[in-house]
Amino acid sequence: MSEEPLVNPEVLEMVGDWRGYVEAKLGFRNHWYPIRFSSELNEGALLVVELLGEKLLLKRIDGKVYAMRDRCLHRGVPLSRKPDCYTKDTITCWYHGYTYRFQTGELANILAVPDSRLCGRRKIQTYPCEEAKGLIFVFLGDEHEVHPLSKDVPPGFLDEDLMVLGKHRVVDSNWRLGCENGFDALHIFIHKDSTLRHFREFNFPIGHTPLPGAVTCIEEEDGPKGVEDDFSKHHPIWDGEIDGQIVVKGPKFDPKKGTSASIGTSIWLPGVLKVESFPVPGITQFEWYVPLDEGRHLYVQTLGQACTTDEERSDFANKFETHWKPHGLDGFNADDIWAREVTQPFYDDDYGWVDEMLCEPDSTILEWRRLAARHGRGIQTKKDLR
Ligand code: FES
Ligand SMILES: [Fe+2]
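Residues numbered from 1 in each chain as written. Chains lettered and ligands numbered in written order. Predicted model: local features only at pLDDT ≥ 70, side-chain atom pairs only at ≥ 80, totals over all residues. Heavy atoms only, no water.

Draft legend 1. Looking closely at empty space enclosed by the protein. Applying the stated rule across the entire model yields 1 cavity of 30 Å³ or more. Put simply, the largest cavity is a space of about 30 Å³. Around the largest cavity, the lining residues are K25, N174, R176, E294, Q344, Y347 and W353. Classifying every residue of the lining of the largest cavity gives 2 nonpolar, 2 polar and 3 charged. (1 Å grid on protein atoms, 1.4 Å probe; cavity = no way out; pocket = protein on both sides within 12 Å on 5 of 7 lines; lining within 4 Å. Points joined across faces, edges and corners; volume = space filled by probe spheres on them. Nonpolar A, V, L, I, M, F, W, Y, C, P; charged D, E, K, R; others polar.)

Draft legend 2. Quick look at the nonpolar core. Ranked by size, the top nonpolar core spans 72 residues in total, and within it L51, L58, F137, V138, W288 and W368 carry the most contacts. Broken down by element, the residue count for this core peaks at 6 residues, all from strand β10 (residues 135-140). Beyond its immediate sequence surroundings of up to four residues, L58 is in contact with I35, L41, A45, L46, L47, V49, V65, Y66, A67, I136 and V138. Counting residues in hydrophobic clusters, the runner-up holds 16 residues, among them M68, V77, Y100 and L107. (Core = buried A, V, L, I, M, F, W, Y, C linked by side-chain atoms within 4.5 Å. Buried < 20%, exposed > 50% of the residue type's maximum accessible area, 1.4 Å probe, protein only. Helix = DSSP H or I, 4+ residues; strand = E, 2+ residues; numbered from the N terminus. Contact = heavy atoms within 4.5 Å.)

Draft legend 3. Focus on the coordination of the iron ion (ligand 2). In this structure, H187 (NE2), H191 (NE2), D336 (OD) and D336 (OD) serve as the protein donors to the iron ion (ligand 2), at separations of 2.1 to 2.6 Å. Here the iron ion (ligand 2) is ringed by 4 donor atoms whose angles at the metal span 54 to 144°, and the overall shape comes out irregular. In the primary structure, the donors to the iron ion (ligand 2) are separated according to the pattern H-x3-H-x144-D. Here H187 matches H191 in class, with each residue buried. (Donors = N, O, S within 2.8 Å, 3.2 Å for Na, K, Ca; no water. Tetrahedral: all angles 85-135°; square planar, octahedral: opposite > 155°, others 65-115°.)

Draft legend 4. Looking closely at the pattern of salt bridges. Applying the stated criterion across every chain yields a total of 26 salt bridges. Across the salt bridge formed by D350 and K25, the nearest N and O atoms sit 3.0 Å from each other. Here D350, found in the loop between α4 (310-347) and α5 (352-355), pairs with K25, found in the loop between α2 (19-23) and β1 (31-37); they are 325 residues apart in sequence, far enough to count as distant. You'll find D350 and K25 in the same group, each marked buried. One salt bridge in this structure joins D384 and R29, with 3.7 Å as the shortest N-O distance. Of this pair, D384 sits in the segment after α6 (363-375) while R29 sits in the loop between α2 and β1; the two residues are 355 residues apart in sequence, bridging distant segments of the chain. Judged by its relative accessible area of 23%, D384 is partly exposed. If you follow the salt bridges from partner to partner, you end up with R29, E54, R69, D142 and D384 in one network. (Salt bridge = Lys/Arg side-chain N within 4 Å of Asp/Glu carboxyl O.)

Draft legend 5. Fine view of the packing of aromatic side chains. Tallying each qualifying case throughout the model produces 16 aromatic pairs. Ring centres of W94 and Y95 lie 4.9 Å apart, and the angle between their planes is 5°; on these two criteria the pair is classed as stacked. Between Y289 and Y299 the ring centres are 5.9 Å apart and the planes differ by 10°, which places this aromatic pair in the stacked class. In this pair, Y289 sits in strand β22 (residues 283-293) while Y299 sits in strand β23 (residues 296-306), placing the two residues 10 residues apart along the sequence. (Phe/Tyr/Trp six-rings, centres within 6.5 Å; stacked < 30°, edge-to-face > 60°.)

Draft legend 6. Broad picture of unusual backbone geometry. Residue L269 is joined to P270 through a cis peptide bond whose omega torsion reads 10°. Within the fold, P270 resides in the loop between β20 (264-268) and β21 (272-276). Residue S277 is reached from E276 by a cis peptide bond, and omega for that bond is -25°. For S277, the location among the structural elements is in the loop between β21 and β22.

Draft legend 7. Just the packing of helix α3 (residues 175-183) against α6, in detail. As a packed pair, α3 and α6 sit with axes 9 Å apart at the nearest point and diverge in direction by 140°. In this view, α3 runs oblique relative to α6, as classed from their interaxial angle. The handedness of the crossing between α3 and α6 is right-handed. The residues of α6 that touch α3, namely those facing W175, C179, E180 and F183, are T364, I365, W368 and R369. (Axes fitted to C-alpha atoms, helices over the stretch in contact; angles between N-to-C directions. Parallel < 35°, antiparallel > 145°, perpendicular 65-115°, else oblique. Left-handed = near helix turned anticlockwise from the far one by under 90°.)

Draft legend 8. Representation of the domain arrangement of the protein. Assigned domains within the protein: domain 1 (31-130) and domain 2 (147-385). Taking only C-alpha atoms, the centre of domain 1 and the centre of domain 2 are 35 Å apart. Taken together, the two surfaces of domain 1 and domain 2 that pack against each other cover about 1,700 Å², and 58% of this comes from carbon and sulfur. On the domain 1 side of the contact with domain 2, H31, W32 and F37 bury the most area, a combined 38% of that side's loss. For the pair domain 1 and domain 2, the number of links is 1 salt bridge. Counting every contact that joins domain 1 to domain 2 gives 12 residue pairs in polar contact (both at pLDDT 80 or more). Residue assignment for the side of domain 1 that touches domain 2 shows that the elements contributing at least two residues are β1 and β2 (46-51). (Domains from an automatic or database assignment. Buried area = accessible area lost by both parts, 1.4 Å probe. Polar contact = N/O pair within 3.5 Å; in protein donor to acceptor, adjacent residues only side chain to side chain.)

Here it is as structure tokens:
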């Protein structure tokens, strides 16, 4: 019997030119994903993580991070159930002693069967790892497909002077609902009561509609692939009316005094949003929606600020702890998290992708779906989990 498909085939027939995006319920394979902060993995320590439905083991050896599938080749058990690391660069399965080398995944030894013909001839799956800006990135994909990390992060993220700080947590929704909520020009309606406003003067309309020329697809061969939405080419709405009576007002301050909340957003493969300038000019928010499985993603939030001196760096670190983390990443984005989680049930059986009723400004989200379908390097399937 063939495998049950991950996505309802009837739905796939109906969605047209963004079919590949709907198919990518478990994420796009052959891309780089941030999975933890570098500070969370000390020399010699092990971390168990999930990525695109696969369980992985990370270990730092002589300063470098390695990632290996957390599943023994012998009887398929998780090595992490009882990790036995007898030497620095190996892990021995707790069950029958199959021993793997972290750097290559090679089955180096079976402790009680030292002359087994399998030794040196079999490999457990390993994945390339790279560290940048204090994050550990894993390339979840096939050896012959490895691309430079710079093609999977938003422009500016790897800038030399940029100092990056952040946090991560698990959100109970598919990764795509993260991307779409973040890039959604209309969703700022949910932020109208944000705590971030209590200590800052925001100009914050209740919604804004893109005018012609606001949205640009970036698809150069050698760079990251994304869609940019320029808020200066939007028509903002400040007053919400029902039957001619104003019922909601977007906070609007003296433009000379207050700042616009942000000047634009962009969304990039494999699922990372860039918000400029946010929460204040000079700071940029970069946030990833990393697929863990069909119904959960890792929300990796970071803020970047250009710093050239130690004084600037410690100032940013202080402000991050006292202001931007509590009021921005926690306070402000808390509304995004529950919005994604309560959207999920509608998309659980895939029919949400055809039953949704989008309106005009949602065209920006459709641009993203099409771009992702065009440039995703591979669709993670159930077969990849085998
Ligand atoms: S299951 Fe791992 S060695 Fe047997
Ligand atoms: Fe938001």
